[in-house]
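Listed here are the chains, written in short residue letters.
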Amino acid sequence: MTKVALRSYALLPRQYDERKVLASTIDPWGRALWLICPDARFPHRWAGRDVPAPLNLPFDALVVISDRGEVRERPLYGVAVDPKAIDALPGGGFVLSGNGGPNARSGQIFGPDGHSRRRFPMGTYLTHLVADRRAGFWTGYAVEGMCSGDRVSAGGLVRWDARGNRASALRPPEPYRHLTEAVTVNVADSAVHALYWPDAALVETGPGGMLRIRALPVSDPVGLAIRGDRLLLLGGVERGVDRAGRVGAVHHLRGTDGGAVVTGREGLVFPNGDPVLRHARPVCRGPHVFLRTLRTLRQWWVVTVP
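So, how was this worked out
Residues numbered from 1 in each chain as written. Predicted model: local features only at pLDDT ≥ 70, side-chain atom pairs only at ≥ 80, totals over all residues. Heavy atoms only, no water. Helix = DSSP H or I, 4+ residues; strand = E, 2+ residues; numbered from the N terminus. Buried < 20%, exposed > 50% of the residue type's maximum accessible area, 1.4 Å probe, protein only. Contact = heavy atoms within 4.5 Å. Areas by Shrake-Rupley, 256 points an atom, 1.4 Å probe, with all protein chains shown as cover. Lys, Arg positive; Asp, Glu negative; His and termini not counted. Charge placed at Lys NZ, Arg CZ, Asp CG, Glu CD. Phe/Tyr/Trp six-rings, centres within 6.5 Å; stacked < 30°, edge-to-face > 60°. Lys NZ or Arg CZ within 6 Å of the ring centre and 35° of its normal. Pairing = 2+ DSSP bridges. Axes fitted to C-alpha atoms, helices over the stretch in contact; angles between N-to-C directions. Salt bridge = Lys/Arg side-chain N within 4 Å of Asp/Glu carboxyl O. Core = buried A, V, L, I, M, F, W, Y, C linked by side-chain atoms within 4.5 Å. Polar contact = N/O pair within 3.5 Å; in protein donor to acceptor, adjacent residues only side chain to side chain.

Here we look at the overall build of the protein
In step 1: Scanning the protein from N- to C-terminus turns up one helix and 29 strands.
In step 2: For the protein, the proportion of its 306 residues judged to be buried stands at 54%.
In step 3: In the protein, 47% of the contacts between residues at least 6 apart in sequence involve partners at least 24 apart.
In step 4: Approximately 13,300 Å² of the protein is accessible, and the part contributed by carbon and sulfur atoms is 49%.
In step 5: The distance from the centre of the 40 positive side-chain charges to the centre of the 28 negative ones in the protein is 0 Å.

What follows is the structure, given as C-alpha cells:
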C-alpha cells in the first residue's frame with residue numbers, strides 16, 4: 001500500500017505552557033487557536049498527558065492565535081464554563097463549549113473585546129463544534145446526547161448564528177430518517193458535509209437547507225475532506241474490503257450523482273515515516289483534514305485532497 005505523509009501545519013510557541021491548554025482548533029480562516037488557562041489544575045491524566053482544568057470559575061483565559069507563523073494573543077474575561085472546545089466567529093468573537101448535564105448553560109459567546117456576551121444551553125455529549133466564516137457555527141452530538149432528553153442535543157446536528165441562537169437542526173429525509181449521529185463534519189464557508197452512521201450517508205447542507213444526500217462505500221470514518229467531486233476519508237470501513245476500520249487508512253473517492261466510488265487507498269504516516277496509529281478527533285475544513293495526536297495539543301498536522 002502506498003503512503004501519504006502528514007504535513008506540519010502549526011506549532012504552539014515554546015513560551016506558552018502546553019500543559020495549560022484547555023482546547024485547540026483550526027478556525028474558519030485557517031488559524032490555529034489554543035485556549036490557555038493561566039491558573040490550571042491537573043485532576044487526572046489521559047492518553048499519557050496531564051489534563052488541565054480551571055482552578056476556579058469564572059476565570060480569565062488567553063487565546064493564542066497562529067496565523068501563517070504570525071503569533072498574537074487575545075484575552076477572554078470571565079470564562080464561566082470548563083472549556084472543552086473553542087472556535088472563532090465571524091466578526092472577531094469566540095464560542096466556547098463546556099461540560100454540563102441536559103439543558104445546562106454549557107456554551108459561552110465572547111465579543112471581539114474579549115468580554116462575555118452570552119451563556120446558553122449548547123447540549124450534552126457534544127462531539128463537534130465547527131464555525132464557518134459567514135453565518136455562525138455548527139454543533140454535533142453523540143447518540144447518548146441525542147437520547148438524553150436534552151432539547152438541543154436531540155437535534156443531532158444543529159446550526160447556530162454568531163450570537164448563539166439556534167437556527168435549525170439537520171433532519172435527513174427518507175429513507176434515512178433512522179440515521180443517528182454524524183461521525184464526521186466538514187465545514188467550508190457556509191456549506192456543511194456530514195457523514196452519518198450507520199449507513200455511510202453523506203449529507204450536504206447549508207443555511208438554505210439540505211442540498212443533496214449520497215451513499216458512500218466507506219462507513220464510520222473520522223475525517224472527511226472535499227475538493228469538487230473528489231473526497232478523502234480518514235479511517236473507516238470499506239464495504240467488501242475491510243473487516244475492521246484502521247485509524248491510519250486513507251480512502252480516495254470520486255463522487256457520483258447518487259454516491260461515490262473508491263479510486264485509491266493509502267496509509268497515513270508522519271513525515272518521518274512512522275504510521276499514524278492514534279489521533280484525536282480531526283477538524284475538517286474543505287479540502288483539508290487537520291489533526292493532532294492524543295499526547296499533545298501543541299502540534300497540528302494536515303492532510304489534503306490532492
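Observations concerning the packing of aromatic side chains
In step 1: Applying the stated criterion across every chain yields a total of four aromatic pairs.
In step 2: Taken together, a centroid distance of 5.5 Å and an interplanar angle of 65° make the contact between F270 and W301 edge-to-face. In this pair, F270 is assigned in the loop between strand 26 (260–269) and strand 27 (283–285) and W301 in strand 29 (residues 299–304), connecting sequence segments 31 residues apart. Each member of the pair, F270 as well as W301, carries the same accessibility label: buried.
In step 3: Among the aromatic side chains, those forming a connected cluster through ring pairs are F120, F137 and W160.
In step 4: The ring centre of F42 lies 3.9 Å from the NZ or CZ of R19, which sits over that ring.

Considering the sheet that holds strand 11 (residues 107–110)
In step 1: In space, the four strands of this open sheet follow the order 9-10-11-12, with antiparallel pairing throughout. Whereas interior strands pair on both sides, the edge strands pair on one side only; in this sheet they are strand 9 (83–88) and strand 12 (116–120). This sheet shows a mean twist of 15° between the axes of neighbouring strands, independent of strand direction.

Concerning the sheet that holds strand 7 (residues 59–67)
In step 1: As summarised here, the arrangement of the four strands in space is 3-4-7-8, forming an open sheet in which the pairing is antiparallel. Two strands bound the open sheet, and with one partner strand each, they are strand 3 (21–26) and strand 8 (70–79). Sheet twist, expressed as the average angle between the axes of neighbouring strands with direction ignored, equals 20°.
In step 2: Sheet topology note: the strand 4 (residues 32–36)/strand 7 ladder contains five bridges and is antiparallel. The residue bridging I36 from the neighbouring strand is L62, located in strand 7.

Details of the pattern of salt bridges
In step 1: In this structure the tally under the stated criterion is twelve salt bridges.
In step 2: Notably, a salt bridge pairs E204 with R212, separated by 3.0 Å at the nearest N-O pair.
In step 3: The class of R212 is partly exposed, set by a relative accessible area of 38%.
In step 4: Its salt-bridge partner being E238, residue R265 comes within 2.7 Å of it at the nearest N-O pair. Within this pair, whereas R265 is found in strand 26, its partner E238 is found in strand 24 (residues 237–238), the two being separated by 27 residues in sequence.

Comments concerning the nonpolar core
In step 1: Counting residues in hydrophobic clusters, the biggest one holds 18 residues, and the most contacted among them are L35, V63, L76, V79, I86, F94 and L96.
In step 2: Breaking this core down by element, the ones donating at least two residues are strand 3, strand 4, strand 7, strand 8, strand 9 and strand 10 (94–98).
In step 3: Considering every element that reaches this core, the biggest residue donor is strand 7, with four residues.
In step 4: Residue contacts for I86: discarding those within four places in its chain leaves A23, S24, T25, L35, V63, F94, V95, L96 and L129.

A closer look at the side chain of T296
In step 1: Structurally, the position occupied by T296 is in the loop between strand 28 (288–291) and strand 29.
In step 2: When its relative accessible area of 19% is taken as the criterion, T296 is described as buried.
In step 3: Within the structure, T296 has its side chain in polar contact with the backbone nitrogen of R298 (distance 2.9 Å).
In step 4: Apart from the residues lying within four places of it in its own chain, the contact partners of T296 are E18 and R49.

Considering unusual backbone geometry
In step 1: Cis rather than trans, the peptide bond between L57 and P58 has omega equal to -5°.
In step 2: Phi at Y125 is positive, roughly 55°, even though this residue is not glycine.
In step 3: Relative to the assigned elements, Y125 resides in the loop between strand 12 and strand 13 (126–131).

Regarding the environment of C284
In step 1: Position of C284 among the secondary structure elements: in strand 27.
In step 2: Looking at C284, the relative accessible area reads 1%, which means it is buried.
In step 3: It is 9.9 Å that separates the C-alpha atoms of C284 and V303, two residues lying 19 residues apart in sequence.

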